[in-house]
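# Chains, contacts and geometry: an overview
Residues per chain are reported as follows:
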Amino acid sequence: MKLYRFLTGPDDASFCHKVTAALNQGWSLHGSPTYAFNADTQHMQCGQAVVKEVEGKDYTPDTKLSEQ
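Below is a short write-up of the structure. (Residues numbered from 1 in each chain as written. Predicted model: local features only at pLDDT ≥ 70, side-chain atom pairs only at ≥ 80, totals over all residues. Heavy atoms only, no water.)

## Considerations on the sheet that holds strand S2 (residues 28-38)
The strand order S1-S3-S2 describes an open sheet built from three strands, whose pairing is antiparallel. A strand with exactly one partner marks an edge of an open sheet, and here the two such strands are strand S1 (2-10) and S2. Averaged over neighbouring strand pairs, the angle between their axes works out to 15° when direction is ignored. Looking at chain direction, S2 and strand S3 (residues 43-53) are connected through eight bridges and run antiparallel. Its bridge partner being in S3, Tyr35 is matched across the sheet by Cys46. (Pairing = 2+ DSSP bridges. Helix = DSSP H or I, 4+ residues; strand = E, 2+ residues; numbered from the N terminus. Axes fitted to C-alpha atoms, helices over the stretch in contact; angles between N-to-C directions.)

This is the structure in C-alpha coordinates:
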(Lines give C-alpha, C1' and ligand atoms only; values in the text may rest on other atoms or scores of the structure.)
Protein backbone atom coordinates (compact mmCIF):
# COMPACT_ATOMS: atom_id res chain seq x y z
CA MET A 1 0.00 0.00 0.00
CA LYS A 2 1.10 3.55 -0.60
CA LEU A 3 0.70 5.96 2.33
CA TYR A 4 0.63 9.76 2.55
CA ARG A 5 0.99 12.04 5.57
CA PHE A 6 1.18 15.80 5.91
CA LEU A 7 3.32 16.79 8.87
CA THR A 8 2.81 20.22 10.43
CA GLY A 9 4.27 22.11 13.33
CA PRO A 10 5.71 25.35 14.59
CA ASP A 11 8.78 26.83 12.94
CA ASP A 12 11.25 25.43 15.46
CA ALA A 13 13.43 22.40 16.09
CA SER A 14 10.42 20.24 17.06
CA PHE A 15 9.18 20.32 13.46
CA CYS A 16 12.61 19.30 12.16
CA HIS A 17 12.67 16.43 14.66
CA LYS A 18 9.18 15.32 13.51
CA VAL A 19 10.30 15.19 9.86
CA THR A 20 13.60 13.52 10.80
CA ALA A 21 11.75 10.84 12.78
CA ALA A 22 9.48 10.14 9.79
CA LEU A 23 12.50 9.85 7.46
CA ASN A 24 14.13 7.39 9.85
CA GLN A 25 10.92 5.32 9.88
CA GLY A 26 11.14 4.89 6.11
CA TRP A 27 9.00 7.80 4.93
CA SER A 28 10.22 9.92 1.97
CA LEU A 29 9.76 13.63 1.37
CA HIS A 30 7.05 14.44 -1.17
CA GLY A 31 7.05 17.88 -2.73
CA SER A 32 8.31 21.10 -1.25
CA PRO A 33 7.86 22.19 2.36
CA THR A 34 5.30 24.90 3.15
CA TYR A 35 5.61 27.87 5.44
CA ALA A 36 2.70 30.05 6.58
CA PHE A 37 1.67 32.48 9.30
CA ASN A 38 -0.90 31.17 11.80
CA ALA A 39 -2.99 34.20 12.79
CA ASP A 40 -4.48 32.37 15.80
CA THR A 41 -1.12 31.61 17.42
CA GLN A 42 0.78 34.54 15.89
CA HIS A 43 3.57 32.12 14.86
CA MET A 44 4.93 30.71 11.63
CA GLN A 45 3.94 27.11 10.84
CA CYS A 46 5.79 24.57 8.69
CA GLY A 47 4.39 21.67 6.69
CA GLN A 48 5.91 18.79 4.76
CA ALA A 49 4.25 15.93 2.91
CA VAL A 50 5.79 12.47 3.24
CA VAL A 51 4.99 9.18 1.50
CA LYS A 52 5.79 5.54 2.16
CA GLU A 53 5.28 2.24 0.36
CA VAL A 54 4.38 -0.67 2.67
CA GLU A 55 4.39 -4.14 1.11
CA GLY A 56 2.01 -6.90 2.13
CA LYS A 57 -0.63 -4.71 3.75
CA ASP A 58 -3.89 -3.24 2.51
CA TYR A 59 -5.00 0.27 3.32
CA THR A 60 -8.17 0.84 5.37
CA PRO A 61 -9.45 4.07 6.91
CA ASP A 62 -8.47 2.60 10.30
CA THR A 63 -4.78 2.42 9.31
CA LYS A 64 -2.71 4.36 11.84
CA LEU A 65 -0.35 6.17 9.49
CA SER A 66 2.15 7.19 12.15
CA GLU A 67 2.58 3.54 13.15
CA GLN A 68 3.53 2.29 9.68
